[in-house]
Each structure stands twice: as C-alpha cells, then as structure tokens.
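# Fold and geometry: a report
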Amino acid sequence: MFLPSNMLFTIDATMGGWELFKNSLLPMILGGIQYTIPLTLIAFTVGLLFALLLAIMRLSKSAFLRAPSIAIVSAVRGTPLLVQLFIVFYGLPSLDVTIDPFPSAVIAFSINVAAYASEIIRASILSISKGQWEAAYTIGMTQNTALRRIILPQATRVSVPPLSNTFISLVKDTSLASLILVTELFRKAQEIAAVTYDFMLIYIEAAFLYWVVCFLLSLVQQAIETRLERHISS
Amino acid sequence: MYLTVNGLTKSFGELEVLKDINLTIEKGKVLSIIGPSGSGKTTLLRCLNALEQPNEGTFSFHDSFNLDFSNKIHKRDVLKLRRKSGMVFQSYNLFPHKTALENVTEGPIIVQKGKKEEEQNRAIELLTKVGLKDKANLYPNQLSGGQQQRVGIARALAIKPELMLFDEPTSALDPELIGEVLSVIKDLVKENWTMVVVTHELQFADQVSDEVLFMDEGYIVEQGPPSQVLKEPKEERTKQFLKRILNPA
C-alpha cells in the first residue's frame, strides 16, 4: 500500500507535541477508513448471517443441527480472539492454506461475531411469547413463515441493544488485527510510535480516535432503539 | 354434522389432561364449553386446531377429511386442519409490529396468497363489522383490550374458516370492555357461524349456545342444551360448579 508509507514521510523523529498529534491524525484516520471500518462492517455483516444460521440450528428439534451449533459456539467463546486470529493467519499456512492479513482478519472476526451474536439472536427469539407463534399457526403459517414474518421482526427489536454492544466491541477488537499485519488504525499508531518514540501521545491519540467512533456509534444505537421501541408489545 | 371427534386423549407427560373425549359439532351451531380451571376445556379447544396434538383420537369432517391422531400426523394435514378454523385467544396475541389492518390481511395475503388490494378491502369490511374501521392503521399497543380482541376476531374471520374457536375471549378484559366483544360474537351467532366457545360468562353461554358442555378433570361431565345444563343440571359436579360461580361468596 502506497498510502501508509507516503504519509509517514510527514512524520519524523524530531517531531513532538501538537505538531506530531496533528500530523499523526491523517495516517491513523486513513488506516481507520481503509481497514478498521471495512473490517468491522464486513465481519459484522457476515458474522450476523452466520449467527442467524447458528441460532436457528441451535433452536432446531434435530440433534444433528443442534450439536454442531453448540460445538462451534462453545469453541469460539471459550478461546481468545487473538489465538483465533493467529490460527487463521499463522497456523493455516502450515496446512498449505495461506491467506492475506486482511481476509484472515475478516474470517476470524466473522466467526467470532457469529458465535457471540448467535447467542443474542437465540435469546431474542426465545423471548418472543409462545402466543405469537400460536397466532401465526392459527392463520395457517408454517414454522418457517412464522419465523420470518412474525418472530424475527420482533426478535430483531429485542436484539438491537445487545447487538449494538457486540458491534462496538468489534470496532475496538479490530485493533488486534495489527498483530497479523493489517495496517489498520492501531497498526498505524504503532508505526508512528516506532519512529518518534512518543508512545504516550500516539497511543492516547489512537485511543481518542476509537472513542470518537464508538461515541458516534452509541448515538446511532440510541436513535435506532428509540425508533424501534414504538410498537413493541406491552 | 360438521365435525365429529372420537376417543380424544391428551397427556402432558404423566398428567392426563383429556380422557376419552367424544363430541359432535353441528354446522351453524354454537357449542360452549364451561368448567373449572384445570378441567381441560382450553386444551380441548386447542386440540381442535392442533395447537396441542392429541395423543389419540379421530377427527372426522363432513367433507370427508379424516385424521387419526393415534398415527403420526403429516404436517400437511395439520395445516389443512388449521385452515378450517379461526382461533381467538384469551390474550389476543395480535402481532405487535403490524397495524390492525396488517394483522387482518396477514393470513389472506401472505398465507393464502390472495390479491393485495382485494384482501385489504375485505379486511376493511371485517374491521367495519367489528366496529373498528377507523382504527385500521393503528398498532395493537394503541388499542384498548376490547379493541385488540375485536381485531383478533377479524383476523380469525379473515382466513375464511368454517369453524370459529374462542378461548375465553373476554377473560383478560376489564369488565366494562367485555360487552363490546360479546356483542361482536353475538353478531356472528346471528350469521350462523359454527363456533366453539370456551367461556366463564355463563349468562352469555346461556344466550348464544345451542349446546353447553361441562368439563371437569379431563372428562365431559354433562352436555345438552343450555336450558338443561345451566338451569337443571343432572350431575352433582355440575350443580356444585354452577352454585360456586353464581354465588361466589
């Protein structure tokens, strides 16, 4: 990538204080726009799709569907995200599967989101009263139609607050991708700090940028929740 | 004769809730089921559209559709059975994310694949019938209990059932809202709907029923015209129940 190295030219070891802060902003923000945000969005979207699948498998009457879902969720939730990242990026090559840093991160984060979000979705589906299923059945719906038309729309409302938390956690967790060489926001910070040795300033600056993103997201979360709460069953 | 049920039994685990139930529902007639709580009356009603699957028993419809619950029932037959009846719940169970109109059109448009505009017009007619034309675009949480239950009735009617099932339709309502729901049900009686009503409203049962069925501990204890079961019951158990309901203190 030409951008990161280009931007580093505006920073040198003699800089400090406000000047360094200002000159570091752009490369970090670019790292965020180029990698942190796409990584978050892709992993969250892909993760949610798999989460729905895992949740439905888990709620199935068939043990053949339930068992793999339980195993996957347990394995992912019971192991550190960093270890999962390392397995995908550093581990898989020994099986002759070599994946670039960014797609490796997408894979690991997607799986991680899928496991956590599937538990949220499962709990949301279970929180919808049995009467809603029954009402759907009495107007002739099959289980699938009832799930799609009646249960999931209501479960979605229930799951917005916890899923928002998952999303905000994911934004911050993407900083771990720096350890598999994805030049996202925090990797940028590390690169700058390696030149200037001004660790405190640069890492505080990185922290500040994450906070800004998460703060904006929490505002979006509040707006969505207010909107969705309008016709929730009493 | 519309529906004949023979040898119906239902257990929840060890607990036998329904024991050898036999009954006949006549076309255009109203059958009321009364009895103390825990007598199995709601379970019986729910068996009639397979919200609970009976352990044993045969259903025989006049149009020669037969089901034997002693064998495994195919999903397709369960759907066919449900298609025949509209259910009104004690707790309404309206879909909270849909307007009154959408609640009513959901069955005809989504399940029965009716034409959208046609079914919307028909839904408006049904809402007019239950006195809620001007509430069509409100959500359930913007309606009173009585209004919600009337939407529930319109929703059940919308699937064009042959049989209407009511599960204690007024039990969750404030006393002053009961009348509006009962009067809608009375209108349906005038239109000769075939109905099964589980109710605690004995006076109402007396007014609208062609037949009253008294249940206790999973058995049908007594059945007959309301003038007999409610006024001159033969069974001791029925007498006790009526006495307790009529003179609670």
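Residues numbered from 1 in each chain as written. Chains lettered and ligands numbered in written order. Predicted model: local features only at pLDDT ≥ 70, side-chain atom pairs only at ≥ 80, totals over all residues. Heavy atoms only, no water.

### Focus: the overall build of chain A
Defined as follows: Secondary structure elements are taken from DSSP: a helix is a run of H or I of four residues or more, a strand is a run of E of two residues or more, and numbering for both begins at the N terminus. Relative accessibility decides the category of a residue: with a 1.4 Å probe and only protein chains considered, values under 20% of the type maximum give buried, values over 50% give exposed, and everything between is partly exposed. The criterion used for residue contact is that any of the two residues' heavy atoms lie within 4.5 Å. Here the accessible surface of atoms and residues is derived via Shrake-Rupley with a 1.4 Å probe, and residues count as covered only by protein chains that are part of the display.
Helix and strand counts for chain A stand at nine helices and zero strands. In sequence order, chain A lays out its α and β elements as α-α-α-α-α-α-α-α-α. Counting all 234 residues of chain A, 43% fall into the buried class. The long-range share in chain A, meaning contacts at least 24 apart out of those at least 6 apart in sequence, stands at 72%. Working note: accessible area of chain A is about 12000 Å², and carbon and sulfur atoms make up 70% of it.

### Topic: the packing of helix 8 (residues 185–196) of chain A against helix 9 (residues 199–228) of chain A
All names here are of chain A. In plain terms, the rule: Every axis corresponds to a line fitted to the C-alpha atoms, with the helix fit spanning only the stretch in contact, and the corresponding angles, defined between N-to-C directions, vary from 0 to 180 degrees. Here the word oblique covers every angle except those under 35 degrees (roughly parallel), over 145 (roughly antiparallel) and from 65 to 115 (roughly perpendicular). In this scheme the handedness of a crossing depends on how the near helix is turned from the far one: anticlockwise by less than a right angle means left-handed, clockwise means right-handed.
Running from N to C, helix 8 and helix 9 point in directions that differ by 165°, and their axes come no closer than 9 Å. Here helix 8 is positioned roughly antiparallel relative to helix 9, judged by the angle of their axes. Regarding helix 8 and helix 9, the two cross each other, and that crossing is right-handed. Contact residues: Leu185, Phe186, Ala189, Gln190, Ile192, Ala193 and Thr196 in helix 8; Phe199, Ile202, Tyr203, Ala206, Leu209 and Tyr210 in helix 9.

### Points about the UniProt feature "domain: ABC transmembrane type-1" (unreviewed entry) in chain A
Put simply, the rule is: UniProt positions are given in the numbering used here, feature names are shortened, and annotations may be inferred rather than shown by experiment.
Mapped onto this numbering, the UniProt entry gives "domain: ABC transmembrane type-1" (unreviewed entry) at residues 33–221 of chain A. What you have in residues 33–221 of chain A is 82% helix and 0% strand, and the ends, taken at the C-alpha atoms, are 20 Å apart.

### Regarding the sheet that holds strand 8 (residues 194–198) of chain B
Backbone-to-backbone hydrogen bonds join strands into a sheet, with any given pair of strands oriented parallel or antiparallel. Residues and elements named next belong to chain B. Applicable threshold: Pairing between strands is defined by DSSP: at least two bridges between the two strands are required.
The strand order 6-7-8-3-9-10 describes an open sheet built from six strands, whose pairing is mixed. Edge positions in the open sheet fall to strand 6 (85–88) and strand 10 (219–224), since each of these has one partner strand only. The average undirected angle you get between the axes of adjacent strands in this sheet is 15°. Along the sheet face, helix 5 (residues 145–158) touches strand 6 and strand 7 (163–167) and points at about 170° away from the line of strand 6.

### Examining the interface of chain B and chain A
A common way to express how large an interface is: the accessible area buried when the components associate. Rule in force here: Any Lys or Arg side-chain nitrogen located within 4 Å of an Asp or Glu carboxyl oxygen qualifies as a salt bridge. We call two N or O atoms a polar contact when they sit within 3.5 Å, provided that within protein one can donate a hydrogen and the other can accept it, with sequence-adjacent residues counted only if both atoms are side-chain atoms. Amino acid classes used here: Ala, Val, Leu, Ile, Met, Phe, Trp, Tyr, Cys and Pro are nonpolar; Asp, Glu, Lys and Arg are charged; the rest, including Gly, are polar.
Between chain B and chain A, the contact holds 23 residues from the first and 22 residues from the second. Counting across the chain B and chain A interface gives two salt bridges. Between Glu106 of chain B and Arg149 of chain A there is a salt bridge, with its nearest N and O atoms 2.7 Å apart. Taken together, chain B and chain A are joined by five residue pairs in polar contact (both at pLDDT 80 or more). Broken down by secondary-structure element, the contributors of at least two residues to the side of chain B that touches chain A are helix 2 (75–84), strand 6 and helix 3 (100–111) of chain B. The residue makeup of the side of chain B that touches chain A, split by class, is eleven nonpolar, seven polar and five charged.

### Some points on unusual backbone geometry
At Asp96 of chain A, a position not held by glycine, the phi torsion is positive, near 65°. With respect to the element layout, Asp96 of chain A can be found in the loop between helix 4 (81–91) and helix 5 (101–127). Overall, the relative accessible area of 73% leaves Asp96 of chain A in the exposed class. Even without being a glycine, Tyr92 of chain B presents a positive backbone phi close to 65°.

### Brief notes about helix 9 of chain A
The cut-off we apply is this: Helix span, as expected, comes to 1.5 Å for every residue beyond the first.
Here helix 9 of chain A contains 30 residues, and its C-alpha end-to-end distance of 43 Å stays within 8% of the 44 Å for a straight helix at 1.5 Å per residue. Within helix 9 of chain A, the full set of buried residues consists of Ile202, Glu205, Ala206, Leu209, Tyr210, Cys214, Gln221 and Glu225 of chain A.

### Regarding the packing of aromatic side chains
What counts is decided by this rule: Any Phe, Tyr or Trp ring, taking Trp's six-membered ring, that has another such ring centre within 6.5 Å forms a pair; planes under 30 degrees apart are called stacked, those over 60 apart edge-to-face, and the others tilted. We call a charge positioned over a ring when the NZ of a Lys or the CZ of an Arg lies within 6 Å of the ring centre and within 35 degrees of the ring normal.
Following the criterion strictly, the structure yields 15 aromatic pairs over all chains and no others. Judged by centre distance (4.9 Å) and plane angle (70°), the ring pair of Phe86 of chain A and Tyr90 of chain A falls under edge-to-face. In this pair, Phe86 of chain A and Tyr90 of chain A both sit in helix 4, four residues apart, roughly one turn of the helix. Chaining the aromatic ring pairs together yields one cluster made of Phe186, Tyr197, Phe199 and Tyr203 of chain A. In this structure, Lys84 of chain B packs its charged tip against the face of Phe61 of chain B, placed 4.8 Å from the ring centre. Arg155 of chain B extends its terminal NZ or CZ atom over the ring of Phe95 of chain B, reaching a point 4.6 Å from the ring centre.

### So, the UniProt feature "transmembrane region" (unreviewed entry) in chain A
All names here are of chain A. Here, UniProt's "transmembrane region" (unreviewed entry) annotation points to residues 35–57, 69–92 and 200–220. Overall, residues 69–92 shows 83% helix and 0% strand. The separation of its end C-alpha atoms is 23 Å. Secondary structure across residues 200–220 comprises 100% helix and 0% strand; the distance between its end C-alpha atoms is 30 Å.

### Considering the pattern of salt bridges
Counted by the stated rule, this structure contains 17 salt bridges over all chains. Among the ionic pairs, Asp187 of chain B bridges to Lys190 of chain B, the shortest N-O distance being 3.5 Å. Of this pair, Asp187 of chain B and Lys190 of chain B both sit in helix 6 (residues 175–190), three residues apart, which is roughly one turn of that helix. With a relative accessible area of 66%, Lys190 of chain B lands in the exposed category. Ionic contacts of the salt-bridge type, sharing partners, join the residues Arg58, Arg77, Glu119 and Arg122 of chain A into one network.

### A short note on the UniProt feature "domain: ABC transporter" (unreviewed entry) in chain B
The positions that UniProt labels "domain: ABC transporter" (unreviewed entry) are, in the present scheme, residues 3–242 of chain B. The distance separating the terminal C-alpha atoms of residues 3–242 of chain B is 28 Å; by composition the span is 39% helix and 25% strand.

### A closer look at the sheet that holds strand 5 (residues 66–68) of chain B
Residue and element names in this part refer to chain B. The strand order 2-1-4-5 describes an open sheet built from four strands, whose pairing is antiparallel. Looking at the sheet topology across the chains shown, the edges are occupied by strand 2 (15–25) and strand 5. Strand-to-strand twist in this sheet, taken as the mean axis angle between neighbours without regard to direction, amounts to 10°. Of the pairings in the sheet, the one linking strand 1 (residues 3–12) to strand 2 comprises seven bridges and is antiparallel in character. Following the sheet pairing, Leu8 is matched in strand 2 by Ile21.

### Some words on the confidence of the model for chain A
Where we set the bar: A residue's pLDDT is the predictor's confidence in that residue, given on a scale from 0 to 100.
Per-residue pLDDT for chain A has a mean of 90; in total, 94% of the residues score no lower than 70. When mean pLDDT is taken per element in chain A, helix 6 (residues 130–138) of chain A scores highest with 97 and helix 1 (residues 2–8) of chain A scores lowest with 49.

### Comments concerning the confidence of the model for chain B
Scored by pLDDT, chain B has a mean of 93; 100% of the residues are at 70 or more. Scored as a complex, the prediction yields pTM 0.87 and ipTM 0.93.

### Some words on a nonpolar patch on the surface
Our working definition: The patches reported here contain residues having more than 30% relative accessible area and no salt bridge. Joining distances are 9 Å for like charges and 5 Å for nonpolar side chains (Val, Leu, Ile, Met, Phe, Trp, Tyr).
On the surface, Leu82, Phe86, Tyr90, Leu179 and Leu181 of chain A cluster together to form a nonpolar patch covering roughly 420 Å² of accessible area. Tyr90 of chain A gets classed as partly exposed once you look at its relative accessible area, which sits at 42%.

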